[in-house]
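The residues making up each chain are set out below.
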Amino acid sequence: MSKDDIKVIPLGGVCEIGKNMLLYEYDERILIVDCGVMFPDEELPGVDLIIPDFSYLRENRERIAGLVLTHGHEDHVGAMAYFLREFPEVSIYGGKLTLGIMGGRLREHPIDPKSLNTHEVSPGQTVEIGPFSVEFIRVGHSIPDACGLAITTELGTIVQSGDFKFDQTPVDGRRPQFDRFAHHGEQGVLALLSDTTNAGRAGMAGSELTVRPGLERIFADAPGRIFVATFASNIHRVQQVLDIAALYGRRVAFTGRSMLTISKIAEELGYLKPPQPILDIEQIDDFADHELCIVMTGSQGEPMAALSKVARNQNRFIELRDNDSVIFSSTPIPGNEGAVFKVINALSLSGAHVYRTPHHNVHVSGHGNQEDLKLLLNLCRPKWPVPYHGEARHAVSYADLCEEVGYKREEIPFLQVGDVLSISPDNCEIIGQVQAGSVLVDGLTIGDVGHSVLRDRRHLADDGVVVVTVIFDKQTGVILDGPDLTQRGFLHQPNNEDFMARATQRVEEKLNDLRRAPLADEQGISRLIRETLADFVWSNVRRKPMILPVVLEV
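Given the structure is predicted, the values throughout are model-derived calculations rather than measurements.

Asks: I would appreciate a short explanation of the overall build of the protein in the present structure.
Replies: When helices and strands are counted, the protein shows 15 helices and 25 strands. Viewed in the frame of its principal axes, the protein has a C-alpha envelope of about 90 × 70 × 45 Å. Burial statistics for the protein: of 554 residues in total, 54% are counted as buried. Counting only contacts in the protein whose residues sit at least 6 apart along the sequence, the fraction spanning at least 24 positions is 72%.

Rendered as C-alpha cells:
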C-alpha cells in the first residue's frame, strides 16, 4: 500500500441506520472510527444484536494503529465488547463520557476497562495515531462529548462529521466548534464524510433548549404522575427534566437498566447535575402523585424496557392510573414505529395522557437538517463530499443538497458496506471490496445464527411445528410403536384433537406398510412421515407447518 491515496472502508453505517464502523487506511496502517451495534427487526427472530464483521481486521490486525470513538451512543460504541474480546491490545481514544459509557457496557460482559489502553481526549485536542493526526471537533448532538473528526495525513485532510447538528444554544453552553471546521476548509479538505440522517428535512435542526417550554407546559398542567421516556444517553434532555421537575415541586426517580447505569456514570463524571437527590423507584409510594416524575427507558417500544412493562401492567413498582401523563421525548427510529404505537395504544387504553412529537413540542432531533448539512459543506468546502451514516434514501437526499451548493452528481460516491473508497487530491472512486457484513449475536453465541437458522425460526413463527415420534427396532427394521403426534403453534385447541387424530391415522396407515415390509431405515421412516403428513396437512387446511420426525432406535 502506497502513500498515493487514503482508503476509506465502511464496515457498517452506510445503507443502514446503526452498526457504525469506518476504517481509514494510509501508509500500511489502519485507523478505526467507532464500533457500534444495530438492533434487529422482525425479520431476525431471536437475534439480540447485530455487529460488524471483523474479518478484514483479523486479517490485518498488525496494521491497526488505533480506534477512535466519536460519541457514546450504542450505534457507535455498542460493539466494543465484542471487538475487544479479539483485539484487547488496540489503543482507544474518546471523550470522558464516551469512555465512561463504554466502560459501563464492558463491565456487563465482563471486561475490566482498567485493563485497556484508553486515552481520554477533549474537544479541540489533536492526537497522533500512527500516520494519522486526528483532531476532535465539538459538535452538537443528543449526547455530550459528541465530536467530529479532522483526520490528517501527509496526503491531506478528511473530515468526518460524526452524528451532528449545529445547536447554537446548547444546554451546557458548549457550542460547536465552527471555527475548526472553517480552519480546515481554508487549509483544504480532501473529503467530507457527513451524517445524512435528516438530509430530507428542511431548515435547521432545533436547539435542545426549544424543548423546555413544551415540557414545562405539561409539568404545569399534569394532575398526576409524569412519566418521561427518552434515551438514557440524552443527558441534556434528562438534565432539563430534572430542572423542570424541581421547579414544579416534583421528585424524580429513574427506572430501566440503561437509564440507571448511564445516569450514574454521567453524574459521577459531572455531566448530570440533579438539583435534588434522585429517588429510588421503591420510594415512589411515599409521595403523592402530583409530587412525582419518573424518567425511564422504552421510548422506542422495546418490549423489555421499563415503559413497555408499565404499559402491559408488568412493572412491579408502577401501575398506571387515570391521571398519569406519559411523555415520549423522542421520535421512533426507522423500523420501530409499530412497536412504539403499540405501547402508545396500550397506555391510552389504560387512561394515561400521552404526549409525543409532532403533536407536542417534547423532542428535537440530534441530527442536522438540510441547512446544517449545507453549512458544514460550505465551512469545509471538501473536494469530495461523501454521504455516510444513513440509509440509501438519505444518501440520495444528501447528494441533492450537494448539487444545490455546486457539486456535480458524478463527484459523489455512494458507498455500501465493505466498499473500498480510494481518495486522493485527483480522484475519488470505489476500487474494490473487502469481506464485510453483519454478524448476529444471539445470547452468548456470536455469528452462529445463519440464514438456515433464521429460515427455520421464521417457519416456526409463521406455521408452527408438528412432531411425530415412532420407535423402531434397529436390528430388524420393524416399527414397534407410534406414531405419536404433538403440535405447537399450528392449530387452535378446539380444532386440535379431531384433526390430529385423523393425521395420526393417516401416518399410521403409511407406517403399516413398513411393518409388513421390514428392514426400514431411520432416513426412510423420517422421509415417509414428512411426505405423508405434509400432503395430508396441505390438502386439509392449506398450511405448511414444520414437520419433525423423531425416530427412536431400540
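Now, onward.
Asks: Could you clarify how one ought to interpret the packing of aromatic side chains in this entry?
Replies: The geometry of two aromatic rings is summed up by the distance between their centres and the angle between their planes. All chains considered together, the criterion is met by 7 aromatic pairs. Members of the aromatic cluster, joined through ring pairs, are Phe-164, Phe-166, Phe-178 and Phe-181. Sitting above the plane of the Trp-538 ring, Lys-544 keeps its charged end 5.3 Å from the centroid.

Asks: Honestly, helix H4 (residues 96–106) in this entry has me stumped. Any pointers?
Replies: Every α-helical turn comprises 3.6 residues, leaving residues that sit three or four positions apart pointing alike. For H4, the buried fraction is high: 10 of the 11 residues fall into the buried class. Taken together, the buried positions of H4 are occupied by Leu-97, Thr-98, Leu-99, Gly-100, Ile-101, Met-102, Gly-103, Gly-104, Arg-105 and Leu-106. Against the buried residues of H4 lie helix H2 (74–77), helix H3 (80–86), strand S6 (92–94), strand S7 (118–120), helix H7 (235–247) and helix H8 (257–268).

Asks: What's the story with the pattern of salt bridges in this structure? I'm lost.
Replies: Two side chains of opposite charge can pair, provided their charged atoms sit close to one another. The final tally for this structure, using the stated rule, is 21 salt bridges. The residue Arg-58 makes a salt bridge to Glu-86 at a minimum N-O spacing of 2.5 Å. One end of the pair, Arg-58, is in helix H1 (residues 55–59); the other, Glu-86, is in helix H3, with 28 residues separating them in the sequence. The exposure class assigned to Arg-58 is partly exposed, which follows from its relative accessible area of 40%.

Asks: Sorry if this is basic, but what is going on with the state of the cysteines here?
Replies: The term disulfide refers to a covalent linkage connecting the sulfur atoms of a pair of cysteines. This structure, assessed with the given rule, holds 0 disulfides. With no disulfide of its own, Cys-35 lies closest to Cys-147 among cysteine sulfurs, the gap being 18 Å. The class of Cys-35 is buried, set by a relative accessible area of 0%. Residue Cys-147 stays outside any disulfide, its sulfur separated by 14 Å from that of Cys-380, the closest cysteine.

Asks: Would you mind going over unusual backbone geometry with me for this structure?
Replies: Going from Thr-357 to Pro-358, the amide bond is cis rather than trans, its omega being 10 degrees. Despite not being glycine, Asp-34 has its phi angle at roughly 70 degrees, a positive value. Looking at the element boundaries, Asp-34 is found in the loop between strand S3 (29–33) and strand S4 (49–52). With a phi angle near 45 degrees, Arg-381 is a residue other than glycine that sits in the positive phi range. Along the chain, Arg-381 falls in the loop between helix H11 (370–380) and strand S18 (384–388).

Asks: How do you make sense of the pairing of strand S9 (residues 132–138) when you look at a structure like this?
Replies: Regular strands place their side chains on alternate faces of the sheet. Counting buried positions along S9 yields 6 of 7 residues, so the element is predominantly enclosed. Here strand S8 (residues 126–129) pairs with S9 via 4 bridges, running antiparallel. Across the sheet, residue Glu-128 finds its bridge partner in S9, namely Ser-133. Between the antiparallel neighbours S8 and S9 lie 2 residues, among them Gly-130 with a positive phi of about 60 degrees.

Asks: How do you make sense of the sheet that holds S8 when you look at a structure like this?
Replies: Taken in spatial order, the 6 strands line up as S8-S9-S10-S11-S12-S18 in an open sheet, and their pairing is mixed. Since the sheet does not close on itself, it has two edges, and those belong to S8 and S18, each with one partner. Within this sheet the neighbouring strands show an average axis-to-axis angle of 20 degrees, counted without direction. Set on the sheet, helix H5 (residues 178–187) makes contact with S9, strand S10 (147–153) and strand S11 (156–160); between it and S9 the angle comes to about 140 degrees. Contacts between helix H12 (residues 392–404) and the sheet are confined to strand S12 (191–195) and S18, with S18 contributing the most and set at about 155 degrees to the helix.

Rules and cut-offs
- Residues numbered from 1 in each chain as written.
- Predicted model: local features only at pLDDT ≥ 70, side-chain atom pairs only at ≥ 80, totals over all residues.
- Heavy atoms only, no water.
- Helix = DSSP H or I, 4+ residues; strand = E, 2+ residues; numbered from the N terminus.
- Buried < 20%, exposed > 50% of the residue type's maximum accessible area, 1.4 Å probe, protein only.
- Contact = heavy atoms within 4.5 Å.
- Phe/Tyr/Trp six-rings, centres within 6.5 Å; stacked < 30°, edge-to-face > 60°.
- Lys NZ or Arg CZ within 6 Å of the ring centre and 35° of its normal.
- Salt bridge = Lys/Arg side-chain N within 4 Å of Asp/Glu carboxyl O.
- Disulfide = S-S within 2.5 Å.
- Pairing = 2+ DSSP bridges.
- Axes fitted to C-alpha atoms, helices over the stretch in contact; angles between N-to-C directions.

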